[in-house]
Amino acid sequence: MTAAPRIDLHTHSTASDGTLTPAELVRAAADAGLDVVAVTDHDTTAGWDAAVRALPPGLTLVRGAELSCRWYGVESAIPLHLLAYLFDPTEPELVAELARVRLAREVRGERIVDRLRADGIDVSWPEILVGAGGGTVGRPHIAQALIRAGLVATTTEAFGPEWLGERYRLPKEDIEVFRAVALVRAAGGVPVFAHPRATRRGRIVPDELIVELAAAGLAGLEADHEDHSPAERAHVRGLAAELGLLVTGSSDFHGTHKTVRLGAHTTDPEAYERIVAAAGGVTPVASG
């Protein structure tokens, strides 16, 4: 009996806030025994080409991105993440929106560093940019600078309230979530809500919003994720079944920024096939 393919649909490289380059990431995915891996860097497709060029034999690459979104249906809007798979990376409206969000992240990062320096904390914005390696700059890059300066021991500590979690946290610009779903669909992509019930990450949106998003084109929900409790996973699966949405599972791998390993959670092959069938932007890339 042939073993079911192992499919991880949420990983990050140095094109955003992971610690492995796109080439290293696909090699690590093959070494971890994966058959399919998605590269889903934050608000960018910058890692796609390098991942394709380095694709090891036997591994299939799903090109995607994780979009920074926000729901404005409540006072103090709620941030959320949308995984977008197999979309056309040249679709003008989506390209423009992603460029706007990346620029806003960079401006925000520099302002956070200015605040840290104003308080006598010796971190260097040029050094942080070098550390980002041309990828989308985010708080994890600033966290690495704090670690290098010996001010915190881990990324988790850097994201605590004394540092980037509260005291030096600034709001960031995101894409309105219904607009994000529409843009992904218009680019032939397949949108899946990332870790929708992860209460340990902060506020979550109500199920009613997910019902509305499903009607607007949302294709699926990520259920099996490190930040979901067993009860949260069960809730997501039940909601997906009610709404006819596909269910994914994935590691949300970031390299050494997080302890979770590639393939820690995986997606059922049937759900993966539904994503591929629904996509009209680009196709998965198979090697060997």
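Structure's up top.
Residues numbered from 1 in each chain as written. Predicted model: local features only at pLDDT ≥ 70, side-chain atom pairs only at ≥ 80, totals over all residues. Heavy atoms only, no water.

## Re the overall build of the protein
Turning to step 1, where the next piece is worked out: Across its full length, the protein holds ten helices and nine strands.
Turning to step 2, where the next piece is worked out: Since a compact globule built from 288 residues should have a radius of gyration of about 19 Å, the 18 Å found for the protein is in line with a globular shape.
Turning to step 3, where the next piece is worked out: Oriented by its inertia axes, the alpha-carbon framework of the protein measures out at about 60 × 45 × 40 Å.
Turning to step 4, where the next piece is worked out: Here the protein, with 288 residues, has 53% of them falling under the buried criterion.
Turning to step 5, where the next piece is worked out: Accessible surface, the protein: about 12,300 Å² in total, of which carbon and sulfur atoms supply 52%.
Turning to step 6, where the next piece is worked out: Taken as two groups, the 28 positive and 39 negative side-chain charges of the protein have centres that lie 2 Å from each other. (Helix = DSSP H or I, 4+ residues; strand = E, 2+ residues; numbered from the N terminus. Rg over C-alpha atoms; globule rule 2.2 N^0.38 Å. Buried < 20%, exposed > 50% of the residue type's maximum accessible area, 1.4 Å probe, protein only. Areas by Shrake-Rupley, 256 points an atom, 1.4 Å probe, with all protein chains shown as cover. Lys, Arg positive; Asp, Glu negative; His and termini not counted. Charge placed at Lys NZ, Arg CZ, Asp CG, Glu CD.)

## Looking at helix H1 (residues 22-31)
Turning to step 1, where the next piece is worked out: Among all positions in H1, only Pro22, Ala23, Leu25, Val26 and Ala29 are buried. Each buried residue of H1 lies within a common arc of 165 degrees when the element is viewed along its axis, so the set occupies one face.
Turning to step 2, where the next piece is worked out: Contact partners of the buried residues in H1: strand E1 (7-11), strand E2 (36-42), helix H2 (48-53) and strand E3 (60-71).
Turning to step 3, where the next piece is worked out: Phi turns positive one or two residues past the end of H1, at Gly33, with a value near 85 degrees. (Arc of directions from axis to C-beta. Contact = heavy atoms within 4.5 Å.)

## A look at the nonpolar core
Turning to step 1, where the next piece is worked out: Formed by 51 residues in total, the largest nonpolar core has its most connected members in Leu9, Leu67, Tyr85 and Leu221.
Turning to step 2, where the next piece is worked out: Of the residues forming this core, the biggest block, six residues, is contributed by strand E4 (residues 78-85).
Turning to step 3, where the next piece is worked out: Residues contacting Leu221, with those up to four places away along its chain left out, are Val192, Phe193, Pro196, Ile210, Val236, Leu239, Ala240, Leu245, Leu246, Val247 and Thr248.
Turning to step 4, where the next piece is worked out: Core analysis: the second largest hydrophobic core is formed by 19 residues, Leu116, Ala143, Tyr168 and Leu170 among them. (Core = buried A, V, L, I, M, F, W, Y, C linked by side-chain atoms within 4.5 Å.)

## Notes on the environment of Leu83
Turning to step 1, where the next piece is worked out: Checked against the element boundaries, Leu83 lands in strand E4.
Turning to step 2, where the next piece is worked out: Taking the relative accessible area as the measure of exposure, Leu83 reaches 0% and is therefore buried.

## Thoughts on the pairing of strand E6 (residues 190-193)
Turning to step 1, where the next piece is worked out: Neither face of E6 is left uncovered, since the one carrying Val190 and Val192 and the one carrying Pro191 and Phe193 both have all their residues buried.
Turning to step 2, where the next piece is worked out: Two strands pair when backbone bridges link them, and E4 and E6 are joined in this way by four bridges, in the antiparallel orientation. Of the residues in E6, the one forming a bridge with Ala84 is Pro191.
Turning to step 3, where the next piece is worked out: In the sheet, E6 pairs with strand E7 (residues 220-224) via two bridges, with the strands oriented parallel. Note that in E7 the partner of Phe193 across the bridge is Leu221.
Turning to step 4, where the next piece is worked out: The handedness of the E6 to E7 crossover, carried by helix H8 (residues 207-216), is right-handed. (Pairing = 2+ DSSP bridges. Right-handed = clockwise from strand over helix to strand, strands pointing away.)

## What about the environment of Val184?
Turning to step 1, where the next piece is worked out: Summarising the element assignment, Val184 is placed in helix H7 (residues 177-186).
Turning to step 2, where the next piece is worked out: The exposure class assigned to Val184 is buried, which follows from its relative accessible area of 0%.
Turning to step 3, where the next piece is worked out: The spacing of Val184 and Leu67 is 117 residues in sequence and 9.6 Å in space, taken between C-alpha atoms.
Turning to step 4, where the next piece is worked out: In this view, Val184 contacts Leu67, Ala84, Phe87, Gly189, Val190 and Pro191; residues no more than four positions away in its chain are not counted.

## Examining the packing of helix H3 (residues 92-118) against helix H5 (residues 139-148)
Turning to step 1, where the next piece is worked out: At their nearest, the axes of H3 and H5 sit 10 Å apart, and the two run at 30 degrees to each other. Considered as vectors, H3 and H5 are oriented roughly parallel to each other. The way H3 lies across H5 gives a crossing that is right-handed. Two secondary-structure elements touch here, H3 through Arg108, Gly109, Ile112, Val113 and Leu116 and H5 through Arg139, Ile142 and Leu146.
Turning to step 2, where the next piece is worked out: Residues of the contact of H3 with H5, tallied by class, amount to five nonpolar, one polar and two charged. (Axes fitted to C-alpha atoms, helices over the stretch in contact; angles between N-to-C directions. Parallel < 35°, antiparallel > 145°, perpendicular 65-115°, else oblique. Left-handed = near helix turned anticlockwise from the far one by under 90°. Nonpolar A, V, L, I, M, F, W, Y, C, P; charged D, E, K, R; others polar.)

## Here's the deal with the pattern of salt bridges
Turning to step 1, where the next piece is worked out: The tally for this structure, following the rule as stated, stands at 14 salt bridges.
Turning to step 2, where the next piece is worked out: The closest approach of N and O atoms between Glu93 and Arg179, which form a salt bridge, is 3.6 Å. Here the residue Glu93 occupies a position in helix H3, and Arg179 occupies one in helix H7, the gap between them amounting to 86 residues.
Turning to step 3, where the next piece is worked out: When the shortest N-O distance is used, the salt bridge between Glu173 and Arg100 registers 2.7 Å. In this pair, Glu173 is assigned in the loop between helix H6 (155-158) and strand E5 (175-176) and Arg100 in helix H3, connecting sequence segments 73 residues apart.
Turning to step 4, where the next piece is worked out: Residue classification places Glu173 among the partly exposed residues on the basis of a relative accessible area of 45%.
Turning to step 5, where the next piece is worked out: Under the relative-accessibility criterion, Arg100 is labelled partly exposed at 31%.
Turning to step 6, where the next piece is worked out: Among the charged side chains, a network of salt bridges with common partners joins Glu93, Glu97, Arg100, Glu173 and Arg179. (Salt bridge = Lys/Arg side-chain N within 4 Å of Asp/Glu carboxyl O.)

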